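Structural description and commentary
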Amino acid sequence: NILSTLLNKLIDFNQQIVKIQAELIEKSRLSAVTETVLALSHEINNPLMIIRGNLELLETGISQSGSIPVEDKDRFIRIKNNFERIMNVTNKMANLSKPVSRVVAGGINMIDLSKSE
């Protein structure tokens, strides 16, 4: 019967519309995340490049001086390791293509960089 066929087609079209809307919302969300991440990465990486240059100069000075207190060497290594950690995070953020969120305290969604691609 024609009415049943039309009703089934309307239901199918409605399901397709709902699916397309969900895809558009997801694409829009991903676009907003990407734009934000790129801006943050840019703003963070610029000062990091200055820090990297200064770390390289310090490393050259340390290797040429020969005698430097152990605590200063340890402090330098901690600074360098944390610098690398920040660089890794900003690079991961800049290359996100499939962010995965997780809920943190207060029900707020946060991108989980370890699970995101």
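All of the points below concern the structure found in this document.

Right, let's talk about the environment of Lys-98 for a bit. Note on placement: Lys-98 falls in the loop between helix 2 (70–94) and strand 1 (101–104). Once the C-alpha coordinates of Lys-98 and Lys-115 are considered, the two residues, 17 residues apart in sequence, prove to be 9.2 Å apart. Excluding residues within four positions of it along the chain, Lys-98 makes contact with Ser-116 and Glu-117.

Looking now at helix 1 (residues 2–65). Here helix 1 spans 91 Å end to end across 64 residues, near enough to the 94 Å set by a 1.5 Å rise per residue. Within the sequence span of helix 1, burial applies to Val-33, Val-37, Ser-41, Asn-45, Leu-48, Leu-55 and Ile-62. Looking at the buried residues of helix 1, the elements they touch are helix 2 and strand 2 (108–111). The distance from a side-chain oxygen at the start of helix 1 to the backbone nitrogen of Leu-3 is 3.2 Å, and the residue carrying that oxygen is Asn-1. Positioned one or two residues after helix 1, Gly-66 has a phi angle of 80°, which is positive.

Of note, Asn-45 is situated in helix 1. Given the relative accessible area of 18%, Asn-45 is considered buried. With sequence-adjacent residues up to four places away left out, Asn-45 is seen in contact with Met-87 and Thr-90.

For side chains bearing opposite charge, pairing can occur when the charged atoms are close. Throughout the structure, instances matching the rule amount to four salt bridges. Note that Asp-112 is salt-bridged to Arg-102, the shortest N-O span being 3.7 Å. Residue Asp-112 is located in the segment after strand 2, and its partner Arg-102 is located in strand 1; the two are separated by ten residues in the primary sequence. Overall, the relative accessible area of 10% leaves Asp-112 in the buried class. Given a relative accessible area of 39%, Arg-102 falls into the partly exposed group.

Quick look at the pairing of strand 2 now. Here strand 1 pairs with strand 2 via four bridges, running antiparallel. Residue pairing across strands places Val-104 opposite Ile-108, the latter belonging to strand 2. Turn length for the strand 1-strand 2 hairpin, with the two strands adjacent in sequence and antiparallel, is three residues, and the turn residue Gly-106 shows positive phi of about 80°.

We now examine a nonpolar patch on the surface. A surface patch of nonpolar side chains, about 230 Å² in accessible area, is lined by Leu-40, Ile-44 and Ile-86. Relative to the elements of secondary structure, Ile-44 occurs in helix 1. Since its relative accessible area comes to 32%, Ile-44 is described here as partly exposed.

The rules behind these values
- Residues numbered from 1 in each chain as written.
- Predicted model: local features only at pLDDT ≥ 70, side-chain atom pairs only at ≥ 80, totals over all residues.
- Heavy atoms only, no water.
- Helix = DSSP H or I, 4+ residues; strand = E, 2+ residues; numbered from the N terminus.
- Contact = heavy atoms within 4.5 Å.
- Expected span 1.5 Å × (residues − 1).
- Buried < 20%, exposed > 50% of the residue type's maximum accessible area, 1.4 Å probe, protein only.
- Polar contact = N/O pair within 3.5 Å; in protein donor to acceptor, adjacent residues only side chain to side chain.
- Salt bridge = Lys/Arg side-chain N within 4 Å of Asp/Glu carboxyl O.
- Pairing = 2+ DSSP bridges.
- Patch = residues over 30% accessible without salt bridge, like charges linked within 9 Å, V, L, I, M, F, W, Y side chains within 5 Å.
- Areas by Shrake-Rupley, 256 points an atom, 1.4 Å probe, with all protein chains shown as cover.

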